[in-house]
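Geometric and topological summary
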Amino acid sequence: MEAIGQLTGGVAHDFNNVLQIIAGNLQLLKMGGTFAGKALTRLEQAQAGVERGARLASHLLAFARRQPLQAVVVDPAVLLGDAEDMLRRVLGERIAVVFDIAADLWNVAVDPNQLTNVLLNLAINARDAMPAGGTLTVRAANADGPVPGLASASACAGGCILIEVIDDGHGMPASVLERAFDPFFTTKPTGEGTGLGLSMAYGFIKQSGGEIQLDSAPGHGTTVRIYLGRSDEQARDIGLPPLVAVPSNGGTETILVVEDETDVRTTTVDLLLALGYRVLQAEDARGAIEIVQSGAAIDLVFTDVIMPGQVTSCDLSETVRETLPARRCCSPRAMPKACWRTRAGSTRR
Ligand SMILES: Nc1ncnc2c1ncn2[C@@H]1O[C@H](COP(=O)(O)OP(=O)(O)OP(=O)(O)O)[C@@H](O)[C@H]1O
Ligand SMILES: [Mg+2]
């Protein structure tokens with residue numbers, strides 16, 4: 001599983017970069033405004049195809065535990081409460097939904113959107129396993145003892161919360177159970193399942209320091225158990241409205257683009273130029289630091305997170321904070337947690 005994860009992650013990462021180049025160039029073509037009728041339809045179909053590919057790549061990155069996560073401290077009861085309506089809608093009227101959430105649940109540090117996504121995937125699997133209807137139970141409680149299958153030094157060492165998603169559907173025979181987390185493993189007809197739901201859930205929970213286990217037998221339904229480490233920090237309000245994409249009017253500010261992949265960098269630079277910005281570029285963090293320290297007027301530094309060389313994107317964001325305190329350093333991916341911890345305030349996504 002580990003080897004498949006590494007391979008998948010590598011492929012998905014490169015696949016993502018290729019998609020970024022295609023998406024950027026399609027966007028540039030569209031901004032040129034010379035397409036109409038059939039040509040425009042083809043262009044838009046190509047963009048839709050790229051979006052599909054990007055979703056696939058993000059599922060693969062999730063399985064490979066290389067997904068950029070936005071972990072925040074949340075109260076799981078609030079998160080589960082918010083998810084309840086959505087699950088009821090997805091499951092339809094033939095499936096009864098029971099929520100059994102213990103009072104005084106511990107907080108957890110987790111990416112709330114991804115956890116909701118996992119619950120959604122589990123609910124869809126449960127629905128598919130109960131074609132004639134049934135009951136889906138979501139249960140959550142604190143788990144204070146050792147967690148089966150988890151090393152004592154794991155994130156769960158200081159206590160865990162356990163979320164169980166239980167259905168009374170057809171269950172899985174051993175041959176399915178042992179492969180259920182494998183990427184692309186599905187027993188559903190072609191076109192109905194990609195086989196990425198559980199593998200994504202597995203990658204995400206592991207990347208979050210938790211554990212996910214399946215318990216299932218033919219005719220006895222399925223229980224999915226998710227363990228997440230306790231956090232003693234105060235929970236954030238996750239009821240904020242979701243971010244909405246707004247059309248860009250461009251601008252005239254100066255942006256420093258830092259990216260080691262030439263094609264990705266060129267496409268990003270061209271897009272920003274087409275939007276009216278002044279653009280400086282560097283192929284690694286060291287080059288970017290030289291530009292920042294040269295005194296050039298820079299309004300924003302837009303940087304990749306993982307780049308070759310000794311100097312890291314964290315070093316770059318630190319230099320930006322010291323040299324251009326009023327400026328921001330942002331990234332299309334989440335900065336590593338260490339960056340946030342040691343250089344709080346200098347990096348914004
Ligand atoms: N709750 C469940 N009850 C019975 N079988 C299940 C359940 N959840 C998963 N499975 C089995 O595990 C397989 C893999 O599940 P997974 O969610 O990864 O992929 P999928 O549901 O087939 O496709 P996708 O989620 O990508 O649409 C399923 O095809 C199904 O055979
Ligand atoms: Mg599924």
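These lines cover the structure that appears in this document, whether it is placed above or below. (Residues numbered from 1 in each chain as written. Chains lettered and ligands numbered in written order. Predicted model: local features only at pLDDT ≥ 70, side-chain atom pairs only at ≥ 80, totals over all residues. Heavy atoms only, no water.)

Time to look at the overall build of the protein. Secondary structure assignment for the protein yields ten helices and eleven strands. Considering the protein as a whole, with its 349 residues, one finds that 43% of them fall into the buried category. Surface summary for the protein: the accessible area is close to 18600 Å², and the carbon and sulfur share equals 53%. (Helix = DSSP H or I, 4+ residues; strand = E, 2+ residues; numbered from the N terminus. Buried < 20%, exposed > 50% of the residue type's maximum accessible area, 1.4 Å probe, protein only. Areas by Shrake-Rupley, 256 points an atom, 1.4 Å probe, with all protein chains shown as cover.)

With that settled, consider the packing of helix H8 (residues 285-293) against helix H9 (residues 313-323). In contact at an axis separation of 9 Å, H8 and H9 are set at 5° when each is read in the N-to-C sense. Taken together, H8 and H9 sit at an angle that is classed as roughly parallel. Across the interface between the two elements, Ala 285, Ala 288, Ile 289, Val 292 and Gln 293 of H8 pack against Ser 313, Asp 315, Leu 316, Thr 319, Val 320 and Thr 323 of H9. (Axes fitted to C-alpha atoms, helices over the stretch in contact; angles between N-to-C directions. Parallel < 35°, antiparallel > 145°, perpendicular 65-115°, else oblique. Contact = heavy atoms within 4.5 Å.)

On to helix H3 (residues 76-91). Its 16 residues place the ends of H3 21 Å apart at the C-alpha level, agreeing with the 22 Å of an ideal helix rising 1.5 Å per residue. Its axis deflected by about 35° at Glu 84, H3 carries its strongest bend there. Of the positions making up H3, those classed as buried are Pro 76, Leu 79, Leu 80, Ala 83, Leu 87 and Leu 91. Between the side-chain oxygen of the N-cap and the backbone nitrogen of Ala 77 there are 2.9 Å, and the N-cap of H3 in question is Asp 75. Among the residues trailing H3, Gly 92 stands out with phi positive, at a value near 75°. (Expected span 1.5 Å × (residues − 1). Bend = angle between axes of the 7 residues up to and from the residue. Polar contact = N/O pair within 3.5 Å; in protein donor to acceptor, adjacent residues only side chain to side chain.)

For the structure on display, the rule yields twelve salt bridges. Put simply, Asp 100 and Arg 139 hold a salt bridge, and the shortest N to O gap is 3.5 Å. One end of the pair, Asp 100, is in strand E2 (residues 95-101); the other, Arg 139, is in strand E4 (residues 134-143), with 39 residues separating them in the sequence. A relative accessible area of 36% places Arg 139 in the partly exposed class. Between Arg 127 and Asp 128 there is a salt bridge; the shortest N-O distance is 3.4 Å. (Salt bridge = Lys/Arg side-chain N within 4 Å of Asp/Glu carboxyl O.)

On to the environment of Glu 290. Turning to its location among the elements, Glu 290 is positioned in helix H8. For the pair Glu 290 and Thr 319, spaced 29 residues apart in sequence, the C-alpha to C-alpha distance is 9.8 Å.

Of all eight residues in strand E5 (residues 160-167), eight are buried, a share of seventy percent or more. Bridging between E4 and E5 involves eight bridges; their strand directions are antiparallel. By the bridge assignment, Leu 136 is partnered in E5 with Asp 167. In this structure, E5 lies alongside strand E7 (residues 222-231), joined through eight bridges in antiparallel fashion. By the bridge assignment, Ile 163 is partnered in E7 with Ile 226. (Pairing = 2+ DSSP bridges.)

Lining the immediate environment of ligand 1, one finds 20 residues, of which Asn 125, Thr 186, Thr 187, Lys 188 and Thr 194 sit closest. Measuring from an oxygen atom of ligand 1, one finds a side-chain N or O atom of Lys 188 at 2.6 Å. Within the contact set of ligand 1, an oxygen atom lies 2.9 Å away from a backbone nitrogen or oxygen of Gly 195. When ligand 1 sits alone it has 600 Å² of accessible area, and the protein chains cover 91% of it. Sorting the residues of the shell around ligand 1 by element identifies helix H4 (112-129) and helix H6 (197-207) as the ones contributing at least two each. Among the elements that line the shell around ligand 1, the one with the most residues is H4, at three residues. In terms of residue class, the shell around ligand 1 is made up of eight nonpolar, ten polar and two charged. (Near = heavy atom within 4 Å. Nonpolar A, V, L, I, M, F, W, Y, C, P; charged D, E, K, R; others polar.)

Moving on: the side chain of Thr 254. By secondary structure assignment, the location of Thr 254 is in strand E8 (residues 254-258). Thr 254 has contacts with Arg 278, Leu 280, Ala 297, Ile 298, Asp 299 and Leu 300, leaving out every residue within four places of it along the chain.

On to the nonpolar core, then. Within the largest apolar cluster, 45 residues are counted, with the highest numbers of intra-cluster contacts made by Leu 115, Leu 136, Ile 163, Ile 212, Ile 226 and Leu 228. The residues contacting Ile 212, other than those within four sequence positions of it, are Phe 181, Ala 201, Tyr 202, Ile 205, Val 224, Arg 225 and Ile 226. Val 258, Ala 282, Ala 285 and Leu 324 belong to the second-largest nonpolar core, a separate cluster that totals 14 residues. (Core = buried A, V, L, I, M, F, W, Y, C linked by side-chain atoms within 4.5 Å.)

Further remarks concern the packing of aromatic side chains. In this structure the tally under the stated criterion is one aromatic pair. Relative to Tyr 202, the ring of Phe 181 has its centre 5.0 Å away and its plane inclined at 45°; by these criteria the two rings are tilted. Here Phe 181 is found in the loop between helix H5 (174-177) and H6, whereas its partner Tyr 202 is found in helix H6, with 21 residues between them in sequence. A relative accessible area of 11% means that Phe 181 is categorised as buried. Residue Tyr 202 is classed as buried on the basis of its relative accessible area of 13%. (Phe/Tyr/Trp six-rings, centres within 6.5 Å; stacked < 30°, edge-to-face > 60°.)

Now for the pairing of strand E6 (residues 211-216). A large share of E6 lies buried, amounting to five of its six residues. Where E6 meets E7, six bridges bridge the pair, whose relative direction is antiparallel. Its bridge partner lying in E7, Glu 211 is registered against Tyr 227. Between E6 and E7, which pair antiparallel one after the other, the connecting turn spans five residues, and Gly 219 there sits at a positive phi close to 80°.

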